[in-house]
Structures are given as structure tokens and as C-alpha cells.
Amino acid sequence: MTAVEDKPRRARQRQRFGIGPAYDRAAGALPGWAWGLIALGAMILYGVIGQDTLGEDFYDASIETLAYVMMALGLNIVVGFAGLLDLGYVAFYAIGAFVAGWFMSGQFENANVHFATSEFARTQPGLHINFFIVIFVAGAFTALWGAILGAPTLRLRGDYLAIVTLAFGEIVPRVFELSTSGPFGIGTLDLSNGRQGITPIDRPWLPVPGLEKVGVIDIRPYYYVVLAMVTLVLFCNFRLRDSRLGRAWIAVREDEVAAAAMGVNLVRVKLWAYAIGAAIGGFAGAFLGVYRNTVNVDQFEFGFSVFVLCMVIIGGMGNIAGVILGAVVLSMINRFVLPQLNGVPDAIGLDFDVTAVSFGIFGFLLLTMMVLRPEGFIPNRRRRIELHEGELEAEGETLVEARA
Amino acid sequence: MEAASVPQPQAPPGKRVADFVSAQILWILLGGALLVLFIGNPHQTADNVKDGLSIGLIWALIALGYTLVYGIIELINFAHGEVFMIGSFVSVSLYTAFGLTTDTSPALIAIGLVPVLLLSMLASGVLNAMIERVAYRPLRHAPKLAPLITAIGMSFILQNVGLLWRPTPDAAPDLIHSQQHMFSIFGVSIVRSDVFALIVTVPLLLLLLWFVGQTKYGKAMRATAQDPDAARLMGINVDRTIGLTFLLGGLLAGAAGLIYGLYNLTVQFNMGFTAGLIAFTAAVMGGIGNLKGAVVGGLIIGIVQQTAESRLDNGSAWAPAVVFTVLILIMVFKPGGLFGEETREG
């Protein structure tokens with residue numbers, strides 16, 4: 001069997017390309033909290049000067065990218081930590097965005113509730129609650145739905161689970177779209193305005209002198225808001241990963257039966273993964289709804305779930321730094337690189353718009369990544385060994401020795 | 001089967017009834033729903049059933065591709081819906097190439113449709129086998145989710161190829177005058193597209209059953225499905241057998257694509273996604289890996305879909321959501337499907 005003899009060589013090759021080891025060395029130079037502070041400082045500095053130095057367009061893209069980073073971090077909890085392939089993540093984006101739409105717009109004209117909102121919003125009919133409350137409400141509400149949608153999948157594993165989540169991801173936006181007279185068409189309450197969607201949505205507002213004008217002319221405050229949200233999500237991610245629950249997730253991912261035998265409560269652990277992953281998706285979704293000033297069912301298509309999944313996989317499933325990298329790279333490719341490539345089809349004698357086939361390009365990335373380097377660019381060490389079981393054992397690196 | 005020889009204590013009648021109900025719950029629920037609908041409005045229900053059976057034949061052809069592939073390598077070939085879409089596109093392009101229009105004489109259309117059918121089947125079959133070679137074979141020994149993710153990638157690639165090929169929905173020529181009334185059974189009007197779907201699908205299904213059940217290649221497929229390693233030891237070329245399975249699945253998807261084009265009269269790049277999920281539902285309903293089950297599942301899903309479309313407010317928008325809900329319910333509560341066979345997933 002020549003295949004067996006090849007394995008150590010192939011494994012060594014894999015180790016050589018990619019930035020895993022270099023990343024490990026660089027990360028070890030300073031303690032983690034120091035790197036965190038440096039990164040935060042740089043991000044704040046960029047927030048102050050970025051709009052003038054790198055341009056409005058790039059600044060706008062940065063805000064969107066940070067929101068995608070949150071989405072990817074949320075999906076990483078489900079896919080990367082707990083190992084449950086979720087193909088319907090867009091459902092939580094939709095739920096979060098719609099919560100923002102309901103509580104921060106004139107959608108429910110008959111209601112007249114205002115809570116800690118700007119002068120202008122106070123004069124409008126409808127529900128107007130402060131953004132900083134709504135994002136947490138959205139997070140809690142999506143967490144609830146994450147657990148509800150996750151519950152039926154608990155008995156499933158592998159690809160059946162993936163398909164069930166995909167089906168939920170298809171059903172949820174459609175239910176929103178068609179609930180123009182009450183949920184499921186029962187009653188009279190218009191939940192979504194159908195295909196038009198909910199617009200406009202209130203801006204974030206803080207009752208602090210000097211900050212009342214948030215986002216009126218200047219998009220800079222949105223940046224600080226999303227940066228604060230990302231910091232919070234990131235902090236939760238690190239703490240969760242190293243917690244008892246985080247270790248339980250990894251145990252379940254590696255071997256469900258063994259984990260259960262060791263006393264891990266599978267139902268609870270999986271439901272927490274769904275709920276927390278969903279909560280982060282809803283949290284980010286509420287922000288995106290507010291930032292784009294519209295909540296529209298056309299935003300919630302299967303392609304988005306795959307886009308976020310692509311970020312997680314390209315960066316490195318289960319590795320927080322990798323997932324952030326994946327989100328930043330893909331989001332920026334989507335925004336800046338693809339429009340630049342419009343000359344390519346012409347050059348090879350075809351006539352089409354590269355941005356129109358962006359999902360096809362992400363599909364291609366997903367495919368090549370899975371075939372060539374399933375562990376991503378900055379792999380999580382345990383995940384990498386799981387994915388190359390057998391090949392790497394020849395190197396003497398085993399799951400028992402590798403730290404998470 | 002040793003247990004059969006031991007005399008079993010007779011279970012109490014209540015328990016036997018409960019067992020029967022839980023084993024046959026899908027049949028009972030579906031039959032009951034149909035009966036209620038039929039009593040409410042016999043004519044419309046009969047119409048729905050007829051429409052459902054005829055679109056169900058298309059779903060059955062696609063579902064067979066899922067079931068064949070899942071049966072042999074336990075992979076949900078996510079790109080299968082797109083293979084169907086490409087088959088449909090090929091057939092529509094071939095009509096133009098062969099000069100077939102609605103004005104062509106019926107005899108010429110009948111003669112022309114045969115090569116078009118064969119060529120679109122071949123295109124889809126070869127495409128499906130190539131997908132297997134490029135995207136799935138390198139991951140044969142990877143964890144199970146890796147090929148599923150590449151399958152999604154493949155599906156997106158093909159969908160965008162379709163988008164470049166036909167950016168807008170295109171009309172397929174109404175070669176068979178699909179809505180023309182032919183005859184009536186119990187007051188239900190049978191139109192030409194129903195008959196067309198039947199005369200293309202039934203021979204293909206019989207051929208497939210014969211191929212898998214009676215030929216040497218079919219035997220190799222069944223052996224590989226049972227145990228790939230043992231099959232290899234018995235001298236079966238496992239890789240080639242898997243490739244052949246994908247080819248067969250693709251051939252059926254191509255035929256389904258042609259029928260769908262003539263049935264629906266428009267083709268567009270995103271039709272594969274929904275069709276794929278509906279057909280996958282059918283495959284799961286019939287018990288994935290079970291060929292006859294996939295056909296029965298396809299027909300039932302067709303009826304469910306048509307009934308939802310005609311009975312619900314805003315039905316054509318709700319119908320996919322209804323089908324996906326059925327999918328979730330079956331996967332969660334009855335992963336073995338209608339015939340209750342053990343699946344490796346369950």
C-alpha cells in the first residue's frame with residue numbers, strides 16, 4: 001500500500017504551507033490580553049482617522065466587516081466549537097434584524113411606545129425603543145429561537161442535522177415575508193411589509209450631551225458602536241472557549257458517545273451552543289438592520305449562510321483568530337476585490353459581471369479549501385488533527401497531547 | 001432471525017395497535033389528511049392528486065439520484081439539484097439547435113425529442129460523474145461533513161454557471177402543447193404533459209430497477225453500498241462503481257430536467273435549489289437508499305406540494321415552506337421514512 005507510505009510526507013507538506021506555526025510563534029511573544037489591547041487601540045485609532053485617510057467607502061466597508069466578524073464568531077460557536085454544521089444561520093440574522101425593525105420603527109402604527117429615544121423618534125408613531133436595549137432584546141429573542149429550532153435536531157447527527165438547519169433557514173425568512181397579516185397569516189398584524197420590508201429604522205441614540213447626533217451626517221459613531229459590540233462578543237467567545245461549557249463543546253465535537261459517557265449532558269450542551277450562536281447572530285443582525293436602515297427579506301437568502309460558513313471554514317474552524325481573519329478577508333474580497341476583477345472575463349473573451357457570480361466564487365473557495373486544506377488558514381490544532389486523523393499520527397502529534 | 005423460532009408471548013391488543021400506529025404513522029397522517037380534503041372538496045382534491053402525481057414523477061427522477069448516491073457513499077449530493085437545472089438548460093438549447101419549435105409537425109417533434117432527451121441525460125450524467133471525480137473523491141476518507149461542504153460549494157458554482165448561461169428566466173418551447181386536454185378520468189382532465197411525464201418516466205424507472213437489480217454492475221453497486229472494503233476485496237472496482245452511480249443519478253436528473261422544461265415552460269438558474277430540496281425530501285420520505293421508496297416519496301411530495309399550492313392562501317409562496325416543514329418533521333421523527341427501514345443515519 002503506497003498510500004500509507006505517502007502519508008508522513010503529505011502531512012509534513014501540509015504543515016509547511018499555511019501560517020499556523022508562524023501565527024503560534026507571533027502570538028506567544030506577548031500575553032493574550034496585551035495583544036487584545038494593542039488591537040483595540042489600533043481599531044480605535046482607525047476609527048478616529050480612518051474616514052479621512054482611507055476614504056468613506058472603505059470606512060463603510062469596515063463597519064460592515066465588523067458586523068460580519070460578529071456573525072462569523074457566532075457561527076463558529078456552533079460549527080467550530082460544538083461541531084454542529086448549521087446551514088441556516090441566516091435565520092438568526094433575519095430574526096435579529098426583524099426585532100430591530102419592530103422595536104425601532106413605525107411598523108406598528110397603532111402602538112405608541114417610546115423609551116429613551118431621540119427627540120425626532122419621540123414625535124413618530126410606532127414602537128421606538130433605544131438601540132442599546134433593542135440589541136440585547138434581539139440577542140435574547142434569537143437565543144430563544146436558536147434553542148427552539150435546535151431542539152428537534154438534537155437526535156440527529158451529521159448531514160441530516162445540516163439539512164434540517166438549512167430547511168429552517170429557508171422557512172424562517174419565508175414566514176416573515178408572508179406574515180403580512182399576522183404570523184402565518186392569522187390575525188391582522190403586519191410583521192414585515194412583505195417584500196418591501198421595514199424602513200426607515202431609528203438611529204442609535206445615547207442620552208449624553210454631544211452624542212445626540214449619532215449617525216445623522218457622520219457614520220463614525222456606527223463604527224464605535226459596532227466595535228464595542230465586537231469587543232463584547234469577542235470577550236464572550238474567549239471566556240466561553242475556556243469555560244467548562246467550552247470544553248464540553250469540544251468533547252462533544254470530538255466524540256459524542258465518549259463525552260456522554262464522561263457525564264457531559266449532550267442536550268444541554270448542544271442547546272447552549274445553538275442558543276449562544278444564535279444570540280450573537282441576532283445581535284449582529286439587529287445592528288446590520290439599523291445600519292442599513294432597512295430590514296428586507298431579500299437580504300436573508302441561503303447564500304448568506306454559506307457566505308458566513310465560508311468565513312469560518314477559510315479562517316479555520318474553531319480558531320477565534322482564524323475566524324476573524326476569514327471574515328475580514330472574505331468581506332473585503334466581496335466589497336473591493338470582486339468589482340476589480342471585472343476585466344478578467346473580458347480578457348478571456350467572456351462578457352459578464354464578476355459581482356453577479358460572487359456566490360459562485362465563494363462556492364469555489366469553499367470547495368478548494370475543503371479539498372486542499374480543510375482546517376483553514378489558521379487552524380485550531382485539535383481540529384486539524386481531527387481532520388487529518390491518521391495522516392498526522394506519524395508525526396507523533398496526537399489529540400491527547402495537543403492543547404485546544 | 002433466530003428470535004422468530006422462539007414462541008413469542010402475545011402482546012396485548014392495545015400495544016399491538018400502538019405499535020402499528022407508530023410504525024405506519026406517516027401513511028395514517030397523509031392518508032387521513034387526503035381523506036379530509038377529499039370529503040371537503042372531491043373534485044379539487046382529485047385534480048390536486050393528478051397534478052401532484054405528474055409533477056411527482058419529476059421529483060421521483062431527481063430523488064432517485066439522491067437516494068442512489070446516499071445509498072452508496074452516504075453523502076447528500078447537494079449539487080444534484082443543479083445537475084437537474086443544467087440538464088434542463090441543455091434540453092432547451094438543443095431544441096433550438098435541432099430546430100424544434102411549436103410549429104414543427106408532431107411526428108418530427110416526436111422523433112426529435114428522442115435525441116434531445118438522450119443528449120440532455122448524457123450531459124447531466126457526465127457532469128454528475130465529473131463532480132464526483134473533482135469534488136468528492138479526494139475527500140473519500142475525510143470526516144463526513146467535509147464532502148457535504150464541498151457539495152455546497154459545487155452547487156453554488158453550478159448555480160452561477162447557470163446564471164451566466166441564462167441570466168433571466170427563459171421560455172422553453174411548448175412542443176407538446178402541454179395544457180391540451182386529452183381525456184378525462186372521473187371528471188379529472190388529463191392533459192398532454194401528464195401523459196408525457198408518464199411515458200418518459202416509467203420506462204426509465206423500470207430500466208433503472210432492472211439495471212440495479214439484475215445486472216453485474218448493479219450487483220457491484222449493491223455490494224459497494226453494503227461494505228466498500230469487502231467489495232474491494234471481492235475484486236470490485238469501487239471507485240468506478242461510485243462513478244457509475246453518479247452517472248446514473250445524473251442521467252435521471254437530465255431526463256427530469258427535460259420533462260420539467262416542457263411541463264413548466266420556463267427554466268431559470270435557481271430552479272435547481274428548490275427542486276433539489278423537494279426531491280431530497282422525497283428521498284428521505286421513502287427511506288434514503290431505497291429506490292422504490294424514492295419513487296413513492298416523490299409522488300407523495302408532489303401531491304403535498306400541489307395541494308398546498310391550490311388550497312392555501314398565497315399557496316405558491318407557501319408550498320416550499322410546507323414541503324420543508326414536512327422534511328424537518330420526517331427527518332426528526334421518522335428518519336427511516338415511509339417504509340420504516342433502518343437507515344444508517346437513524
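Residues numbered from 1 in each chain as written. Chains lettered and ligands numbered in written order. Predicted model: local features only at pLDDT ≥ 70, side-chain atom pairs only at ≥ 80, totals over all residues.

Looking at the overall build of chain B
Where we set the bar: What counts as a helix is a DSSP run of H or I of at least four residues, what counts as a strand is a run of E of at least two, and both are numbered from the N terminus. Residues with at least 20 neighbouring C-beta atoms inside 10 Å of their own are called buried, those with 12 or fewer are called exposed, and the rest are partly exposed, where every C-beta is derived from the backbone. Note on contacts: each residue gets a C-beta atom placed from the backbone, and two residues are in contact if those atoms are within 7 Å.
Per the secondary structure count, chain B includes 13 helices and four strands. Its C-alpha atoms give chain B principal-axis dimensions of roughly 70 × 55 × 35 Å. Relative to its 346 residues, chain B shows a buried fraction of 49%. Here the contacts in chain B between residues at least 6 apart in sequence split such that 75% fall between residues at least 24 apart.

Let's talk about the overall build of chain A
Assigned secondary structure in chain A consists of 17 helices and three strands. Going through the 404 residues of chain A one by one, you find that 46% of them count as buried.

Let's talk about helix α16 (residues 358-372) of chain A
Rules: The span expected for a helix works out to 1.5 Å for each residue beyond the first.
With 15 residues, α16(A) should reach 21 Å at 1.5 Å per residue; the first-to-last C-alpha distance of 21 Å fits that figure. Regarding α16(A), the residues found buried are Ser358(A), Phe359(A), Gly360(A), Ile361(A), Phe362(A), Gly363(A), Leu366(A), Leu367(A), Met369(A) and Met370(A). Contacts from the buried residues of α16(A) go to α13 (302-315) and α14 (320-340) of chain A together with α5 (106-136) and α6 (145-165) of chain B.

Points about the interface of chain B and chain A
Many analyses report the size of an interface as the accessible area lost when the parts associate. Note the threshold: Side-chain classes follow a simple rule in which Ala, Val, Leu, Ile, Met, Phe, Trp, Tyr, Cys and Pro form the nonpolar group, Asp, Glu, Lys and Arg form the charged group, and the remainder, Gly included, forms the polar group.
Each partner contributes residues to the interface: chain B has 36 residues there, and chain A has 34 residues. If you list the elements that add at least two residues to the side of chain B that touches chain A, you get α6 and α13 (315-333) of chain B. Of all the elements, α6(B) adds the most residues to the side of chain B that touches chain A, at 15 residues. Taken together, the residues that form the side of chain B that touches chain A break down as 26 nonpolar, seven polar and three charged.

As for the domain arrangement of chain B
Residue and element names in this part refer to chain B. Test applied: Segment limits for the domains were obtained from an automatic or database-derived domain assignment.
Looking at the assigned domains, one finds that chain B contains domain 1 (64-176 + 214-269) and domain 2 (270-340). In this structure, domain 1 and domain 2 have C-alpha centres spaced 20 Å apart. Contact with domain 1, which involves 15 residues of that partner, is made by 14 residues of domain 2. Among the secondary structure elements, those contributing two or more residues to the side of domain 1 that touches domain 2 are α3 (42-73) and α4 (80-98).

Quick notes on the confidence of the model for chain A
As a reminder, the rule being used: You can read pLDDT as the predictor saying how much it trusts each residue, on a scale of 0 to 100.
Put simply, chain A has an average pLDDT of 82, and 87% of its residues get 70 or more. Across residues 1-17 of chain A, where pLDDT falls below 50, the model places ten contacts with residues more than four positions away in sequence or in other chains.

Some remarks on unusual backbone geometry
A cis amide bond links Thr199(A) with the next residue in sequence, Pro200(A), at an omega value of -5 degrees. Positionally, Pro200(A) belongs in the loop between α8 (158-178) and α9 (220-241). Positive phi, close to 65 degrees, is recorded for Asn293(A), a residue that is not glycine. With respect to the helices and strands, Asn293(A) occurs in the loop between α12 (266-292) and α13. A positive phi angle, near 55 degrees, is found at Glu74(B), a position not held by glycine. Along the polypeptide, Glu74(B) turns up in the loop between α3 and α4.

A few points about the environment of Ile157(B)
Topologically, Ile157(B) is positioned in helix α6. The buried category is assigned to Ile157(B), around which 23 C-beta atoms lie within 10 Å. Between the C-alpha atom of Ile157(B) and that of Ala79(B), which follows or precedes it by 78 residues, the distance is 9.1 Å. When sequence neighbours within four positions are dropped, the list of residues in contact with Ile157(B) reads Gly360(A), Gly363(A), Phe364(A) and Leu367(A).

Thoughts on helix α8 (residues 216-226) of chain B
An α-helical turn contains 3.6 residues, so a residue and the one three or four places further along point in the same direction. Residues and elements named next belong to chain B. Note the cut-off: Picture the helix axis, draw a direction to every C-beta atom, and the arc is the one those directions span.
Of all the residues in α8, the buried ones are Ala220, Met221, Thr224 and Ala225. For α8, the angular spread of the buried residues around the axis is 135 degrees, confining them to a single face. Of the exposed residues in α8, those oriented more than 90 degrees away from the buried face are Lys216 and Gln226. Where α8 is buried, its residues contact α3, α7 (192-214), α9 (228-233) and α10 (238-264).

Examining the packing of helix α11 (residues 271-285) of chain B against helix α12 (residues 291-311) of chain B
Residue and element names in this part refer to chain B. For clarity, the threshold we go by: A fitted line through C-alpha atoms represents every axis, and for helices the fit uses only the stretch in contact; the resulting angles, taken between N-to-C directions, go from 0 to 180 degrees. Each angle is binned into one of four classes, with values under 35 degrees roughly parallel, values over 145 roughly antiparallel, values of 65 to 115 roughly perpendicular, and all other values oblique. By convention the crossing between two helices is left-handed if the near helix lies anticlockwise of the far one by an angle smaller than a right angle, and right-handed if it lies clockwise.
At a minimum axis separation of 7 Å, α11 and α12 run at an interaxial angle of 125 degrees. Here α11 is positioned oblique relative to α12, judged by the angle of their axes. Considering how the two elements wind past one another, α11 and α12 form a crossing that is right-handed. Between α11, through Ile278, Ala279, Thr281, Ala282, Ala283 and Met285, and α12, the contact on the second element is made entirely by Ala294, Gly297, Gly298, Ile300, Ile301 and Gln305. Its residues assigned to classes, the contact of α11 with α12 shows eight nonpolar, four polar and no charged.

Focus on the packing of α13(A) against α14(A)
Residue and element names in this part refer to chain A. For the pair α13 and α14, the least separation of the axes is 7 Å and the interaxial angle reads 125 degrees. Judged by the angle between their axes, α13 and α14 are oblique. Where α13 crosses over α14, the handedness of that crossing is right-handed. The residues of α14 that touch α13, namely those facing Phe307, Cys310, Met311, Val312, Ile314 and Gly315, are Gly322, Val323, Ile324, Leu325, Gly326, Ala327 and Leu330.

Points about the environment of Arg244(A)
Assignment of secondary structure puts Arg244(A) in helix α10 (residues 244-254). Accessibility expressed as a C-beta count within 10 Å gives 10 for Arg244(A), which makes it exposed.

So, the confidence of the model for chain B
Within chain B, residue pLDDT values average 86, and 95% of them lie at 70 or more. Among the prediction metrics, the complex's ipTM stands at 0.82, with pTM recorded as 0.85.

Thoughts on the environment of Met262(A)
You can see Met262(A) is positioned in the loop between α11 (256-261) and α12. Spatially, the C-alpha atom of Met262(A) lies 9.4 Å from that of Ala251(A), the residues being eleven residues apart in sequence.

Re the sheet that holds strand β2 (residues 112-115) of chain A
Within a beta sheet, neighbouring strands are joined by backbone hydrogen bonds and run either parallel or antiparallel to one another. All names here are of chain A. The condition that has to hold: For two strands to pair, DSSP has to find at least two bridges joining them.
Read across the sheet, three strands follow the order β1-β3-β2 without closing on themselves; strand pairing throughout is mixed. Each edge of the sheet is formed by a strand with only one pairing partner; in this case those strands are β1 (104-105) and β2. Sheet analysis places β2 next to strand β3 (residues 126-129), joined by four bridges and oriented parallel. Of the residues in β3, the one forming a bridge with Phe115 is Ile129.

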